[in-house]
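# Structure assessment
Listed here are the chains, written in short residue letters.
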Amino acid sequence: MNMNDTLISEPLEPQEMSTPVNRPVEDAGAQSAKVEEGKTVGKPFADDPKFKLRNVEVFYGQERAIKNVSLDIGRNEVIAFIGPSGCGKSTFLRCLNRMNDSIDICRVKGQLMLDDEDIYHSKKDVVELRARVGMVFQKPNPFPKSIYDNVAYGPRIHGLANRKSELDDIVEDSLRKAGLWNEAKDRLHSIATGMSGGQQQRLCIARAIAVSPEVVLMDEPCSALDPIATAKVEELISELSESYTIIIVTHSMQQAARVSSRTAYFHLGHLVEVNETSKVFTSPEHELTESYITGRFG
Amino acid sequence: MQPANLFFLILALIFTAYVLGYFRSKALARPLGGVRHLKSLPGYYAVRAALWCGIPALIILVLWASFENQIIQMLVLGTLAPEIVPASPGEASLLMSQINNIASGALSSGSVDASLVNAAELLTNLRQNSNTYMTMLVLSIAVLAGFVGWYRIQPKLNAREQVEIILRWFFFSCAAVAIMTTVGIVFSVFFETVRFFGMVSFTDFFFGTSWSPQVALRADQVGSGGAFGMIPLFTGTLLISAIALLVAVPVGLFSAIYLSEYANKHVRSVVKPLLELLAGVPTVVYGFFAALTVAPFIANFAQTLGMNASSQSALAAGLVMGIMIIPFVSSLSDDVINAVPQSLRDGSLALGSTQSETMKKVIFPAALPGIMGGILLAASRAIGETMIVVMAAGLAANLTANPLQSVTTVTVQIVTLLIGDQEFDSPKTLAAFALGAMLFIVTLLLNVIALKIVRKYREQYD
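The structure presented is a predicted model; accordingly, all values stated were derived computationally and were not measured.

This part is about the overall build of chain B. Scanning chain B for helices and strands turns up 15 helices and two strands. Radius of gyration (C-alpha) of chain B: 31 Å, far over the 23 Å computed for a compact globule of 462 residues. Seen through its principal axes, chain B has C-alpha atoms that stretch 85 × 80 × 40 Å. Going through the 462 residues of chain B one by one, you find that 38% of them count as buried. The long-range share in chain B, meaning contacts at least 24 apart out of those at least 6 apart in sequence, stands at 73%. Accessible surface, chain B: about 25,100 Å² in total, of which carbon and sulfur atoms supply 68%. Placing the 25 positive and 22 negative side-chain charges of chain B at their respective mean positions leaves the two points 19 Å apart.

Next up on the list: the layout of surface pockets. Quantified by volume, the largest pocket comes out at close to 790 Å³. Lining the largest pocket are 26 residues; nearest its centre among them are S102(A), I103(A), D104(A), E261(B) and Q355(B). When contributions to the lining of the largest pocket are tallied by element, the ones reaching two or more residues are α5 (126-132) of chain A together with α7 (231-262), α8 (265-280), α11 (342-350) and α12 (355-384) of chain B. A breakdown of the residues in the lining of the largest pocket according to their chemical character gives eight nonpolar, nine polar and nine charged.

Taken as a whole and judged by the stated rule, the model has 23 aromatic pairs over all chains. Aromatic side chains F196(B) and F197(B) sit 5.3 Å apart centroid to centroid with 65° between the ring planes, which places their arrangement in the edge-to-face category. With respect to burial, F196(B) and F197(B) carry one shared label: buried. Judged by centre distance (5.4 Å) and plane angle (80°), the rings of F197(B) and F205(B) are edge-to-face. Using a relative accessible area of 0% as the deciding quantity, one classes F205(B) as buried. Every member of this aromatic cluster is reached through a ring pair, and the members are F196(B), F197(B), F202(B), F205(B), F206(B), W211(B) and F228(B). Its guanidinium or amino end placed over the ring of Y120(A), R98(A) lies 4.9 Å from that ring's centre, counting from NZ or CZ. Its guanidinium or amino end placed over the ring of F59(A), R107(A) lies 4.8 Å from that ring's centre, counting from NZ or CZ.

With that settled, the discussion passes to α11(B). Note: α-helices contain 3.6 residues per turn, so residues at a spacing of three or four share the same orientation. When you tally the buried positions in α11(B), you get seven out of nine residues, the bulk of the element. Directly beyond the C-terminal end of α11(B), a positive phi value near 90° is found at G352(B).

All names here are of chain B. Side chains of V186, F440, I441, L444, L445, V448, I449 and I453 sit close together on the surface and give an oily, nonpolar patch of about 670 Å² of accessible area. For the nonpolar patch, the element with the highest residue contribution is helix α15 (residues 427-461), accounting for seven residues. In this fold, V448 is placed in helix α15. Its relative accessible area of 40% is what places V448 among the partly exposed residues.

On to the sheet that holds strand β5 (residues 106-114) of chain A, then. Residue and element names in this part refer to chain A. The four strands are arranged β3-β2-β5-β6 in an open sheet whose pairing can be described as antiparallel. Whereas interior strands pair on both sides, the edge strands pair on one side only; in this sheet they are β3 (63-73) and β6 (117-118). Two elements, β5 and β6, share two bridges in a ladder whose sense is antiparallel. Bridge assignment links M113 to a residue of β6, and that residue is D118.

Keep in mind that low pLDDT regions are not for reading the predicted coordinates in detail. Counting all residues, the mean pLDDT for chain A is 85, and 88% of those residues have values of 70 or more. Long-range and interchain partners of residues 1-31 of chain A, a stretch whose pLDDT sits below 50, account for 41 contacts in this model, where long-range means more than four residues apart.

What follows covers the interface of chain A and chain B. At the junction of the two partners, chain A supplies 23 residues and chain B supplies 21 residues. When chain A packs against chain B, the two sides together hide about 1,800 Å² of surface, and 62% of this comes from carbon and sulfur. Across the chain A-chain B interface, the total number found is zero salt bridges. Joining chain A to chain B, the criterion identifies four residue pairs in polar contact (both at pLDDT 80 or more). Every element with two or more residues in the side of chain A that touches chain B is listed here: α5, β7 (133-136), α6 (147-158) and α9 (197-209) of chain A. Split into classes, the residues belonging to the side of chain A that touches chain B amount to 13 nonpolar, five polar and five charged.

Here we take up the nonpolar core. If you look at soluble globular proteins, the nonpolar side chains tend to sit buried side by side. With 50 residues, the main nonpolar core has I240(B), M321(B), I325(B) and I388(B) as its most contacted residues. Every element with two or more residues in this core is listed here: α6 of chain A together with α7, α9 (283-304), α10 (314-339), α12 and α13 (387-392) of chain B. Residue contributions to this core peak at eleven residues, all from α10(B). Grouped together as the second largest cluster of nonpolar side chains are 45 residues, V78(A), I205(A), A206(A) and L225(A) included.

Residues and elements named next belong to chain A. Following the criterion strictly, the structure yields 28 salt bridges over all chains and no others. Between E166 and R163 there is a salt bridge, with its nearest N and O atoms 3.4 Å apart. Here E166 falls in the partly exposed class, since its relative accessible area comes to 23%. The exposure class assigned to R163 is exposed, which follows from its relative accessible area of 52%. Salt bridges here are not isolated pairs; linked through shared partners, they connect D48, K50, R75, D115, E117, K124, E128, R132 and E214.

Parameters at a glance
- Residues numbered from 1 in each chain as written.
- Chains lettered and ligands numbered in written order.
- Predicted model: local features only at pLDDT ≥ 70, side-chain atom pairs only at ≥ 80, totals over all residues.
- Heavy atoms only, no water.
- Helix = DSSP H or I, 4+ residues; strand = E, 2+ residues; numbered from the N terminus.
- Rg over C-alpha atoms; globule rule 2.2 N^0.38 Å.
- Buried < 20%, exposed > 50% of the residue type's maximum accessible area, 1.4 Å probe, protein only.
- Contact = heavy atoms within 4.5 Å.
- Areas by Shrake-Rupley, 256 points an atom, 1.4 Å probe, with all protein chains shown as cover.
- Lys, Arg positive; Asp, Glu negative; His and termini not counted.
- Charge placed at Lys NZ, Arg CZ, Asp CG, Glu CD.
- 1 Å grid on protein atoms, 1.4 Å probe; cavity = no way out; pocket = protein on both sides within 12 Å on 5 of 7 lines; lining within 4 Å.
- Points joined across faces, edges and corners; volume = space filled by probe spheres on them.
- Nonpolar A, V, L, I, M, F, W, Y, C, P; charged D, E, K, R; others polar.
- Phe/Tyr/Trp six-rings, centres within 6.5 Å; stacked < 30°, edge-to-face > 60°.
- Lys NZ or Arg CZ within 6 Å of the ring centre and 35° of its normal.
- Patch = residues over 30% accessible without salt bridge, like charges linked within 9 Å, V, L, I, M, F, W, Y side chains within 5 Å.
- Salt bridge = Lys/Arg side-chain N within 4 Å of Asp/Glu carboxyl O.
- Pairing = 2+ DSSP bridges.
- pLDDT = per-residue confidence, 0-100.
- Buried area = accessible area lost by both parts, 1.4 Å probe.
- Polar contact = N/O pair within 3.5 Å; in protein donor to acceptor, adjacent residues only side chain to side chain.
- Core = buried A, V, L, I, M, F, W, Y, C linked by side-chain atoms within 4.5 Å.

Right under this line is the structure:
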């Protein structure tokens, strides 16, 4: 029996049980809608998933930020997490490579399996997990090193290249996949922070895929970019989806519609609805999802 | 009136001008329908009136107080007969003190020249009058200028802008004071150094390996030569500073890394102030800790190893000095490491690197300029430190690289040269200035080099 199973079977503290599930939101129409805890409409589960997530709960101190979320994420699919600000989609995303570990007061309960391995097992090697599950952040965060050193950072740490030429190949390959090779090949050894924002973000994607991850997490990767750079990154996501599982958090519903095959709608820590993207945006099953995508709140 | 009392009187006047200016501007605002119809807030008019009252008066006061003596001396000496007017400034000051003594009654007027007695009377006269004149002048200027400042308060007057300009000059002059002081110190040291090199040759000073700053009082004295070779002093300084930095840089840097990257909030909130407390311990306390605890311990320990150590050693002084400068390294490094954006840490961790890899490859290079600054501060502190060395390393100017030997440093020698009775035409005293100048140049070079390193790094990475 898994350690985490015992954790979630513990009774919740009474005050949390009595927390009204649906706190007042901006819109009257949404207020009338109810979310039942742990009940997700649509198709949250899949056969042979990459990530199998069951009854996930995340606490910041006493506050419950993620409430009993269960979800499967399939192999090589692009799934988008949408929802109003503060709904917990970024928190949930950061559980998937344990980036929440660095926050002292954050606790994660439930079962989070990557290829049938428990991510939060006490003996799990976080470093190895993060090498398999890469991440791209909201703001481009290239290291203040050269473009080459940025991409080579991960491969060097993990010893992926035995010779200089192998490292060169990895760097070139990653930059090509990120669509940055033509722009960067003549200035590989100039400082990365001198590039434009869009280039920096694609460099961060190249840096993430240089360690050959299986999954790439993207936390609002385009929110700091202009429309042209956004279009380039979105194009890139579509190309990458052939070889990677991509989980993207976004505030832009158009973006979710453009790049993802499945969409998950979060609301105040609940996973309200998961379905094929086209289905979510054309005929949402849940009233809250409909309110959100039609722009009535959020 | 004494200048100090006058100063407080002016402060009172300034306050009065402020209050009056405030009420006048309020009164002007009332018929217009409120403060908003004035060009500036009443506070600005009040400050402006206060500044008008204070600034000219204070400038006059300072000028008068600083040039009073020179002018009086000039006037007094001018009245003397041409044949007793002294030619050299040294004799002039001698004569002046003689007149001073007559004026104060310390020297009976019967035994000296009549012209000097007259001069002494003039001196007393001028002194008293000068005081009266100064008081009157300063007070009338304060009142007059304050009145003008008060009277000229008009709704259309842009007092805010004027106060801004005055404040800008005030801040500028504060900055200028610091710079001018430094320049003044540099020049005074420089001129005395030039005098020193008039008595001791360059090569003796720069390349001499023996330091024994003795000057013969009698011609036939034993060991009257005196040796002014600075090499033993600078090697001593270098040795002790190097030991201190060897202690302080690793300990300080690694504790900074622990505090900023690994320690949780509670540990940090306790340990950081405790570390900074080390900087607050008086150096003399470190000194006797080094001399009475560390030095004997080192001597005993060396003896058990079969080595010969003197009871005062460079090692003891260096170790304790290293402890003393730990906070300079750790506190500054901790601040700059914390200033490295969290996004860089996240980026590195998300690629699957460990905390120490992140530290080594991302945080440390990004924080290096600041860390260099901390180390440099610690180094200049170590080079300038005197008390610990006096107590723990001794006064013997040995030319040695053995840390178990007793050595001395530049600063310690400056202190010993300037303690006791001095004559300013002896190379013994002037050597202190030459050493000070050398120390200044070395520290300056150190700063320049560190700045270069920091800049080179920045070009590469920022």
